[in-house]
Amino acid sequence: MADAKLPTAKLIDGKAFAAGLQQRVAAGVRELVATGAPKPGLATVLVGADPASQVYVRSKGKLAAELGMASFDHRLGPETAEAELLALIATLNADPAINGILVQLPLPKHIDTACVLLAIDPAKDVDGFHPINVGRLGSIAAGAPLDFPVPCTPLGVSMLLQDALGSMAGLNAIVIGRSTLVGRPVAQLLLRLDCTVTITHSRTRDLASLCRQADIVVAAIGKPAFVRGDWIKPGAAVIDVGINRIPTADGKTRLVGDAAFAEILPVAGHLTPVPGGVGPMTVACLMFNTLQAARCAAGLAVSAA
Ligand code: GUN
């Protein structure tokens, strides 16, 4: 007799979904330009020479250009005074060719990040980090349109879940991690989609049993393989936002998520891999947000994701 076959999660292909989203953004850019509006413009600002940040900023500018947008790359030295950065932001805020402003984080220690984010015009805040946009997301009604910029990684998480599950009304969702960049905005987006949401963190008691009640698990805690297979309700959707670089025996490193992939694969209904899950969605959603900002600037309604 054949062994009883273990259920195996369907892998959510974030790379393919992000590629499709990019194609839709490119089509949206063509449609916008055909109305006589200028190309959407994305300004990226990098302070200092952090190698990883340089790679990220370059890839964002390159993708913007590939999708038919104008890209403006601003590089400032590591000793740049906060006032100089604020002056650049004021110039970008006033420039009608710029629809999106992205200040790459982290900023050098001598610069007050909150003050810089506050200086960005909320309509051009394609990261969704301005307190006005944070507040809009925090007070959004169920099902209301996302007609303001929403942080890119959380937006990517909600798009992947909607694509995989369809309606999520009434599902129990657990968000592991309460960061302002990921955990909290993910929770707000899932609440908007009528999930019953639990936000957990390092001080949460009996996380495993809370997790076992969840139909949707979003792991965003920054600890490799933290979420274990026996925490997962059979058939649940597990979205792994973690990107942890761990050393391997051969002296190299490899990327692992916050979820124990091999343990969860036979239990979950859906699972995002790392890499190739949530990661590619972040930059695709940045492009989506830039198009939306350009549509708003041209007096058009935002488009659905
Ligand atoms: N640094 C790492 N991720 C991000 C991001 O999504 N936006 C910005 N501005 N900086 C980052």
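So, here's what we can say about the structure.

The two faces of the sheet receive side chains in turn, since in a regular strand these alternate between them. Here strand 2 (residues 41-47) lies mainly inside the structure; seven of its seven residues are buried. Here strand 2 shows a buried face lined by Gly41, Ala43, Val45 and Val47 and a second buried face lined by Leu42, Thr44 and Leu46. Pairing of strand 2 with strand 3 (residues 70-76), which is carried by seven bridges, proceeds in the parallel orientation. From the neighbouring strand, Val47 faces strand 3, where its bridge partner is Leu76. With respect to chirality, the unit in which strand 2 leads through helix 2 (residues 51-66) into the neighbouring parallel strand 3 is right-handed.

What follows deals with the site of the ligand. In the vicinity of the ligand, the contacting residues are Leu102, Val103, Gln104, Leu105, Asp127 and Phe129. Val103 is positioned with one of its backbone polar atoms (N or O) 2.8 Å from a nitrogen atom of the ligand. Contact between the ligand and Asp127: a nitrogen atom at 2.6 Å from a side-chain N or O atom of the residue. A total of 280 Å² of accessible area belongs to the ligand in isolation, and the protein chains cover 73% of it. Considered class by class, the residues forming the shell around the ligand number four nonpolar, one polar and one charged.

Right, let's talk about a positive patch on the surface for a bit. Where like charges cluster on the molecular surface, the positive patch consists of Arg178, Arg184, Arg203 and Arg205. Looking at the element boundaries, Arg205 is found in the loop between strand 6 (196-200) and helix 8 (207-212).

Each strand in a sheet pairs with another by means of backbone hydrogen bonds, the pair being arranged parallel or else antiparallel. Strand order in the open sheet made by the three strands is 3-2-4, with parallel pairing throughout. The sheet is open, and its two edges are formed by strand 3 and strand 4 (100-103), each paired on a single side. In this sheet, adjacent strand axes meet at a mean angle of 15 degrees when their direction is disregarded. The sheet contacts of helix 2 involve strand 2, strand 3 and strand 4, and relative to strand 2 the element is tilted by about 170 degrees.

Spatially, the six strands line up as an open sheet ordered 1-11-8-7-5-6, and their pairing is parallel. Looking at strand neighbours, the two that pair on one side only are strand 1 (10-11) and strand 6, the edges of this open sheet. Alignment of strand 5 (residues 172-176) against strand 7 (residues 216-219), held across four bridges, turns out to be parallel. In the sheet register, Ile174 faces strand 7, and the bridge partner there is Val217. Lying on the sheet, helix 7 (residues 183-192) is in contact with strand 5, strand 6 and strand 7; it crosses strand 5 at an angle near 170 degrees.

What counts, and where the lines are drawn
Residues numbered from 1 in each chain as written. Predicted model: local features only at pLDDT ≥ 70, side-chain atom pairs only at ≥ 80, totals over all residues. Heavy atoms only, no water. Buried < 20%, exposed > 50% of the residue type's maximum accessible area, 1.4 Å probe, protein only. Helix = DSSP H or I, 4+ residues; strand = E, 2+ residues; numbered from the N terminus. Pairing = 2+ DSSP bridges. Right-handed = clockwise from strand over helix to strand, strands pointing away. Near = heavy atom within 4 Å. Polar contact = N/O pair within 3.5 Å; in protein donor to acceptor, adjacent residues only side chain to side chain. Areas by Shrake-Rupley, 256 points an atom, 1.4 Å probe, with all protein chains shown as cover. Nonpolar A, V, L, I, M, F, W, Y, C, P; charged D, E, K, R; others polar. Patch = residues over 30% accessible without salt bridge, like charges linked within 9 Å, V, L, I, M, F, W, Y side chains within 5 Å. Salt bridge = Lys/Arg side-chain N within 4 Å of Asp/Glu carboxyl O. Lys, Arg positive; Asp, Glu negative; His and termini not counted. Charge placed at Lys NZ, Arg CZ, Asp CG, Glu CD. Axes fitted to C-alpha atoms, helices over the stretch in contact; angles between N-to-C directions. Contact = heavy atoms within 4.5 Å.

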